[in-house]
Amino acid sequence: MVWVRNIAGLIFILLLVFAGPVAAPAQQNDESNDLLLLPEDILQDNAGDHDSLPEGILSEQEPSQEKDGFSLPLKLDTETSLRLFLERDSIPVPTSGSDFLRTQFIQAVNFRLKTKLLPRLELIMSDKAYYAFEYGREIDDHSLLNDLREFYFSGSVGQNAYIDIGRVNLKNGVAVGYNPTDYFKKDAVSRQLFEQDPSRLREERIGTVMIRGQYLSSAFSFSAACAPKISDADSSFWQNDNLFGLGLADLNDTDRFFAKLALNMFEDVKTEFSLYSENGTFHAGTNISRNIGTRIVAYMEWSGGKQLDAISEAAEKFGEEYGVDPKNFVLEADMKKHFFNQLAVGFSYSEKDVERTTYFEYHFNQAGLSGNDWDDWFDKGKAAADMLNNPLTAAFGAMRLGQLWTIRDNEIQDLLSRHELFIRSEWNDFLMDNLELSGIVKIDLSSGGVFFQPKLEYQVSETTWVSLSAGFNAGASRSSYGSLPYSTSAKILFHCYF
């Protein structure tokens, strides 16, 4: 395969280059330079990999492991979580299956490795191995899983240039709740993750195999990434999504290219331009942020390009999986790519007397479902549900329900509705030291649904945290969140670093 040969050749060249004299200290290689557009509190919220942050900016959730000037290359932490689900008595559009969770237990071990192989070459790895037990109606399943989130070689060329080769979780965007220019988020969310917290999803998702180059300076930075198509063989080691497979079927299924230019010409205004290509289709994007006084940061993120709308994308996915003609999809799908705009605009406000920061955002996805689309979704869902009562039409009704829920498969990864309001608030030292209260609110302006998630987190010691969170899907039965199978979920999590 041509791409594999090219990658192997580049690795050999890099080994020769990086084996040379040690370069002078330079800016840290940062896969999320766009995060520099926002202040430290936003950086900590968006940072999925703490090693990708600029030097000196560390998450408070990860203790330093430096001892006597020596930094341990391997960092290890464990997560023990128990989540309970409360199922709704009935929903207007039933799912095609009957597997509803009641309880989910996960014991996970996270490994993060950052070590020098040569004076100018590092190896970065992030892996999550976990045991998951799920119990519910017609469910009694347990499995041992592994997510290789990142594994790549990173080296410096001179003082300000870097090259990365391997599996990278490439993050992009300045908004907190929705990132139109975060093009590599699609199909990258980890398995067994019932989350609505965007920062958590960003951290837990799986990286894409790519070659990336970056150049950093005080006035601007430029980076480019190329993610090749790996293989079409579903049974190959590259594609398998089992315990030892790499699960690249959806991440490296086509050739992709990404480039961005970030400018730092003005003290209070940061600007970034990006270009993304997939299957010959281009998307242009921009990120802009500006300080307003000392406590407000306003920001905007936009992306535009030709793509399928949410209904057509689901029709294509369902057709490929089950061999159904997209023209026979339950909702009308034109299967043509149109130019769509995606936008996130908002601001953050840090209060003076308390350690509390709140983010307010408006999200727009022109390719998402409008109010009329949601009405059609519920109307067709009711008709399909009625077919289940007749043995002659039950199979056809079940298929149509499966098609309707295919549209919602990616709603935790992308914005499904056309309009949304998003609010996030974080309050450090709430009522007492080491206790943090945070919350997320999503308001679907297209269908009227609301999601609310409060969370309490307490630092028991320097290396141990415990958190308690709950998620509430509220709204009318014919709303996006009000029609989900679960009305409430609660989660307790113990997090320990070693």
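First things first, this report covers the structure right here in the doc. (Residues numbered from 1 in each chain as written. Predicted model: local features only at pLDDT ≥ 70, side-chain atom pairs only at ≥ 80, totals over all residues. Heavy atoms only, no water.)

Each helix and strand counted, the protein chain has six helices and 20 strands in total. Evaluated residue by residue, the protein chain yields a buried proportion of 50% over its 498 residues. If you take every contact in the protein chain between residues at least 6 apart in sequence, the share linking residues at least 24 apart comes to 63%. (Helix = DSSP H or I, 4+ residues; strand = E, 2+ residues; numbered from the N terminus. Buried < 20%, exposed > 50% of the residue type's maximum accessible area, 1.4 Å probe, protein only. Contact = heavy atoms within 4.5 Å.)

A contiguous nonpolar surface patch, about 690 Å² in accessible area, is contributed by Leu82, Leu84, Phe105, Tyr131, Leu144, Leu468, Ile492 and Phe494. Counting residues per element, the ones that place at least two in the nonpolar patch are β3 (74-87) and β20 (486-497). Examined against the element boundaries, Phe105 turns out to sit in strand β4 (residues 100-118). Overall, Phe105 belongs to the partly exposed group, its relative accessible area being 30%. (Patch = residues over 30% accessible without salt bridge, like charges linked within 9 Å, V, L, I, M, F, W, Y side chains within 5 Å. Areas by Shrake-Rupley, 256 points an atom, 1.4 Å probe, with all protein chains shown as cover. Salt bridge = Lys/Arg side-chain N within 4 Å of Asp/Glu carboxyl O.)

Tallying each qualifying case throughout the model produces 20 salt bridges. The salt bridge partner of Lys380 is Asp376, with a shortest N-O separation of 3.6 Å. Taken as a pair, Lys380 and Asp376 lie in helix α5 (residues 371-387) at a separation of four residues, close to a single helical turn. Among the residues examined, Asp376 registers a relative accessible area of 28% and is labelled partly exposed. Several salt bridges converge on common partners, so that one network encompasses Glu79, Lys128, Arg149, Arg200 and Glu204.

What follows covers helix α6 (residues 394-406). Taking 1.5 Å of rise per residue, 13 residues should cover 18 Å, and α6 covers 18 Å from first to last C-alpha, within 8% of that figure. Considered for burial, the residues of α6 that qualify are Gly397, Leu401, Gly402, Gln403, Leu404, Trp405 and Thr406. As for α6, its buried residues are in contact with α4 (310-322) and α5. (Expected span 1.5 Å × (residues − 1).)

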